[in-house]
Structure formats: structure tokens, C-alpha cells
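Overview (structure and organization)
Given next are the chains, with one letter for each unit.
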Amino acid sequence: EERIPHRVLLNRAVLNSKLLKDIERKFDSVLKNKIGNRISFASSMMEGRTVTETAPASAASEEIKAIVKEVYSMLFPEVKAKKVKAKVLDEAIA
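Below is a short write-up of the structure.

The rules behind each value
- Residues numbered from 1 in each chain as written.
- Predicted model: local features only at pLDDT ≥ 70, side-chain atom pairs only at ≥ 80, totals over all residues.
- Heavy atoms only, no water.
- Helix = DSSP H or I, 4+ residues; strand = E, 2+ residues; numbered from the N terminus.
- Buried < 20%, exposed > 50% of the residue type's maximum accessible area, 1.4 Å probe, protein only.
- Contact = heavy atoms within 4.5 Å.
- Polar contact = N/O pair within 3.5 Å; in protein donor to acceptor, adjacent residues only side chain to side chain.
- Salt bridge = Lys/Arg side-chain N within 4 Å of Asp/Glu carboxyl O.
- Expected span 1.5 Å × (residues − 1).

Attention shifts here to the overall build of the protein chain. The number of helices and strands found in the protein chain is five helices and zero strands. In the protein chain, the succession of α and β elements from N to C terminus is α-α-α-α-α. Counting the 94 residues in the protein chain, one finds 27% classified as buried. Put simply, 39% of the contacts in the protein chain that link residues at least 6 apart link residues at least 24 apart.

Shown next as C-alpha cells:
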């Protein structure tokens, strides 16, 4: 049996829901950070831009930045997540 490393990113998640907690308990490959079901994602899409462009201080933007940091730290474990520079985040989400 081949074991391919993988992770699951939950999108449009209803944070603090019982279902979300059940999914996290059942599957160990779920990322710690999730994308919530937020209006700002749809709003930014209507403008043809990302939420980090249209609402950089929003909860939605913070979710995206947290996911970038989490994935970056998995790809480059020698770099601590707290040390990921703002420039790296800006380049990753641009």
C-alpha cells in the first residue's frame, strides 16, 4: 500500500460546529487552520481580487495568512512559523 503524504483544508467551514469537531477527531490529516464561511470571500471574488487585497485586516484575510504560514512551515520545517516574514506572506498571497 502506497502512503502519499497529504493534508485536508476545510473550506466554508462552520467554525465551532459539532460536525467540524467530529471531522477533526476522525481525520488526522486536517489542517489546524480552516477557511470559514465568510461573506468577504464572495465579495472579493465579485471584484476579481483576493480577500487579502480587499479586506486585509478582516478575519477572512487572517485565515488565509494563517493557512499560508501553516503550509509554509510544513514545506520548510527548518523555518519556524513565527519567523515567516511578512514579505514571504505577501508574496505567497499576491
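This part takes up the side chain of Ser 58. Secondary-structure assignment places Ser 58 in the loop between α3 (51-54) and α4 (59-75). Taking relative accessible area as the criterion, Ser 58 reaches 18% and is therefore assigned buried. A polar contact of 2.7 Å, which involves the side chain of Ser 58, links it to the backbone oxygen of Ala 55.

Here we come to the pattern of salt bridges. If the charged atoms of two oppositely charged side chains come close together, the side chains can form a pair. Taken as a whole and judged by the stated rule, the model has six salt bridges. Notably, a salt bridge pairs Lys 18 with Asp 22, separated by 3.1 Å at the nearest N-O pair. Here Lys 18 and its partner Asp 22 are both found in helix α1 (residues 18-26), four residues apart, which amounts to about one turn of the helix. Note on Lys 18: relative accessible area 63%, which makes it exposed. The shortest N-O distance in the salt bridge between Glu 24 and Lys 34 comes to 2.6 Å. Taken together, the positions of Glu 24 in helix α1 and Lys 34 in the loop between α1 and α2 (39-46) put the pair 10 residues apart, joining distant regions of the chain.

Before going further, it helps to spend a moment on α4. Spacing of three or four residues puts side chains on the same side of an α-helix, whose turn is 3.6 residues. With 17 residues, α4 ought to run about 24 Å at 1.5 Å a step, and its terminal C-alpha atoms sit 24 Å apart, in line with that. Taken as a whole, α4 has its buried residues at Ala 60, Ser 61, Glu 63, Ile 64, Ile 67, Val 68 and Glu 70.

What is expected of a backbone is that most residues other than glycine have negative phi and most peptide bonds are trans. The phi dihedral of Arg 12 is positive, around 60 degrees, even though this residue is not glycine. Assignment of secondary structure puts Arg 12 in the segment before α1. At Asn 16, a residue that is not glycine, the phi angle is positive and equals roughly 70 degrees. For Asn 16, the location among the structural elements is in the segment before α1.

This brings us to the environment of Lys 32. Along the chain, Lys 32 turns up in the loop between α1 and α2. In sequence terms Lys 32 and Ala 66 are 34 residues apart; their C-alpha atoms lie 9.3 Å from each other.

These figures come from the coordinates and say nothing about function on their own.
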